[in-house]
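For reference, the chains in residue letters:
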Amino acid sequence: HMASPALLMRVVASAYSVAEKAATIVRNIMAAGDLGIVEKTGANDLQTKADRLVQMSICASLARKFPKVTIIGEEELPSDEVTEDLIEDGHCEEILKKTCPAQYTGIKEEELVIWVDPLDGTKEYTEGLLDHVTVLIGIAYGGKAIAGVINQPYYNYEAGAGAVLGRTIWGVLGMGAFGFQLTEAPAGKHIIVTTRSHSNTLVNDCISALNPDSVIRVGGAGNKIIQLIEGKASAYVFASPGCKKWDTCAPEAILHAVGGKITDIHGNAFQYNKDVKHMNSAGVLAALRNYDYYASRIPNTVKQSLVP
C-alpha cells in the first residue's frame, strides 16, 4: 500500500494544474482583445482583467483544497464569490509520484504560505511583449521559499501556428527543478539581466560598476530567473525597491533548487513568513553560478542607498 503523498507534494501538484488553468485565462483574455487595464499607482503599475481573474482562480482553487494554508496575492481584490468556471480542481500526477524531501514530509497546512503573482510582467503583457509574462506560485515554509511553479503562457509563441503554447516549470528544494533544460551562461562572460520599465540612475550605476559584457532589459522577475537557469544571462541585478515577495518566492525556490542564489543587494536572504512586509526594499541580486563574483562588486554607494 502506497502512503498518501506528503502535503507539500500535493500542494505543488495542484499548483501546477492551477498555473496551467491560469495560463489559459491569460491567453483567452488577450485573444478576446479587451484587457480591462487600470492604473494602480501610475503608468508603470498596471492591473488588467487577467491579473484579477487569474488571482481569483489561483487563490480560490488552492484555498478550496488547502483551507488552512495562508495565500497572499499581489492584487487587492473584493472577496466576491468566485464563479465555478475559475476553479481548477486537478493536479499533476507526475509530481505526486515523486518522493517528498525528508525535511518537508511533516509539514502541516497552517505552516505553509503561498505567494501568488497572477501575472508577472503586466506592463509587458499590455504592450504585447508576451514572452516576458509569467504566472508565479511560490510556496514558503519557516519563512523560506521551498517550492515554486512558474508558468509561461506564451512560451514558444514566436514558433508559428502549429506550436504548442506555454510551459510550466516547477521545483522543490532538495529535489531539483523540472520543465526546462538547465544551462549555464557562457563561461567568462558577464551578461546582466535587469529591469525594462523600472530603471533609474541607481539601477544603471550599479550595473555599470559591474562592467558587464552585455545587459539584457526584460520585464518580469520570473522571466529574469528563467534567463539565468537557461544560460541566457549570468546575473540578475536590480538595485532598487519595487520587487515584491510574490515576484521572488517562486523564482527563488526554482533557482535555489538548481544550486543558484538570490538575495537583496546586501546579500540578505528574503523572508516569506505571512507577516513579512511585501516589498523587497533592498533590491535583488541573483545568479545561477558565481554569485559571489557579483556580490563582491556591488558598490558601497549603492548598498548605502538601499535600506533593507
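If you're wondering where the values come from, they're calculated on a predicted model, not measured in any experiment.

This part covers the sheet that holds strand E11 (residues 235–238). The sheet built from 5 strands is open, its strands ordered E10-E9-E11-E13-E12 with mixed pairing. Sheet topology places strand E10 (214–217) and strand E12 (261–263) at the edges, where each strand pairs with a single neighbour. Direction aside, neighbouring strands of the sheet carry axes that sit 20° apart on average. Two strands pair when backbone bridges link them, and strand E9 (residues 191–194) and E10 are joined in this way by 4 bridges, in the parallel orientation. Residue pairing for E10: Ile192 is matched across the bridge by Val215. Strands E12 and strand E13 (284–287) of the sheet are contacted by helix H7 (residues 245–257), whose axis makes an angle of about 145° with E12.

This next bit is on the packing of helix H6 (residues 221–229) against H7. Taken N-terminus to C-terminus, the directions of H6 and H7 make an angle of 15°; their axes are 9 Å apart at the nearest point. Relative to H7, H6 is oriented roughly parallel. As for how H6 packs across H7, the hand of that crossing is right-handed. Counting all contacts with H6, which are made through Ala221, Gly222, Ile225, Leu228 and Ile229, the residues of H7 involved are Asp247, Pro251, Ile254 and Leu255. Classifying every residue of the contact of H6 with H7 by side-chain character gives 7 nonpolar, 1 polar and 1 charged.

Another aspect to go through is the side chain of Thr195. For Thr195, the position within the fold is in the loop between E9 and helix H5 (201–209). The exposure class of Thr195 is buried, given its relative accessible area of 5%. Aside from chain neighbours lying at most four places away, what touches Thr195 is Val203, Arg217, Val218, Lys224 and Phe238.

Right, let's get into the nonpolar core. With 105 residues, the main nonpolar core has Leu8, Val12, Ile58, Trp115, Tyr125, Ile137 and Tyr236 as its most contacted residues. Counting residues per element, this core draws most heavily on helix H1 (residues 7–32), at 14 residues. Taken domain by domain, the makeup of this core includes at least three residues from each of domain 1 (7–178) and domain 2 (191–305). Those residues in contact with Ile58 that sit more than four places away from it in its chain are Val18, Ala22, Val116, Pro118, Val135 and Ile137.

Under the definition given, this model contains 0 disulfides. Not engaged in a disulfide, the cysteine Cys59 finds its nearest cysteine sulfur in Cys249; these two sulfurs lie 13 Å apart. By relative accessible area, Cys59 is classed as buried at 18%. No disulfide involves Cys206; its sulfur sits 14 Å from that of Cys243, the nearest cysteine. By relative accessible area, Cys206 is classed as buried at 0%.

Per the UniProt record, "binding site: Mg(2+)" (unreviewed entry) is annotated on Glu74, Asp117, Leu119, Asp120 and Asp247. Across 174 residues in sequence, these annotated residues keep their C-alpha atoms within 9.6 Å of one another, forming a single compact spot. By the element assignment, Asp117 lies in strand E4 (residues 112–120). Those residues in contact with Asp117 that lie beyond four places of it in its chain are Glu74, Thr134, Val135, Leu136, Trp246 and Asp247. In this structure, Leu119 sits in strand E4. Not counting chain neighbours up to four residues away, the residues in contact with Leu119 comprise Val26, Thr48, Ala50, Asp51, Tyr125, Val133 and Thr134.

This part is about the pairing of E9. Here E9 shows a buried face lined by Ile191 and Val193 and a second buried face lined by Ile192 and Thr194. In this fold, E9 hands off to H5, which returns the chain to E10; that crossover is right-handed. For E9 and E11, the ladder comprises 2 bridges, and the chain directions are parallel. Each residue of the ladder has a partner; that of Ile192, found in E11, is Ala235.

Turning our attention to H5. All of the buried residues in H5 are Val203, Cys206 and Ile207. Angularly, the buried residues of H5 cover 95° about the axis, an arc narrow enough to put them on a single face. Counted as exposed and oriented over 90 degrees from the buried face of H5: Thr201 and Ser208. Packed against the buried residues of H5 are E9, E10, E11 and helix H9 (300–305). Taking the backbone nitrogen of Leu202 as reference, a side-chain oxygen 3.0 Å away marks Asn200 as the first, capping residue of H5. Asn211, located one to two residues past H5, shows a positive phi value of around 50°.

Reading the values: rules and limits
- Residues numbered from 1 in each chain as written.
- Predicted model: local features only at pLDDT ≥ 70, side-chain atom pairs only at ≥ 80, totals over all residues.
- Heavy atoms only, no water.
- Pairing = 2+ DSSP bridges.
- Helix = DSSP H or I, 4+ residues; strand = E, 2+ residues; numbered from the N terminus.
- Axes fitted to C-alpha atoms, helices over the stretch in contact; angles between N-to-C directions.
- Contact = heavy atoms within 4.5 Å.
- Parallel < 35°, antiparallel > 145°, perpendicular 65-115°, else oblique.
- Left-handed = near helix turned anticlockwise from the far one by under 90°.
- Nonpolar A, V, L, I, M, F, W, Y, C, P; charged D, E, K, R; others polar.
- Buried < 20%, exposed > 50% of the residue type's maximum accessible area, 1.4 Å probe, protein only.
- Core = buried A, V, L, I, M, F, W, Y, C linked by side-chain atoms within 4.5 Å.
- Domains from an automatic or database assignment.
- Disulfide = S-S within 2.5 Å.
- UniProt positions renumbered as here; feature names shortened; annotations may be inferred.
- Right-handed = clockwise from strand over helix to strand, strands pointing away.
- Arc of directions from axis to C-beta.
- Polar contact = N/O pair within 3.5 Å; in protein donor to acceptor, adjacent residues only side chain to side chain.

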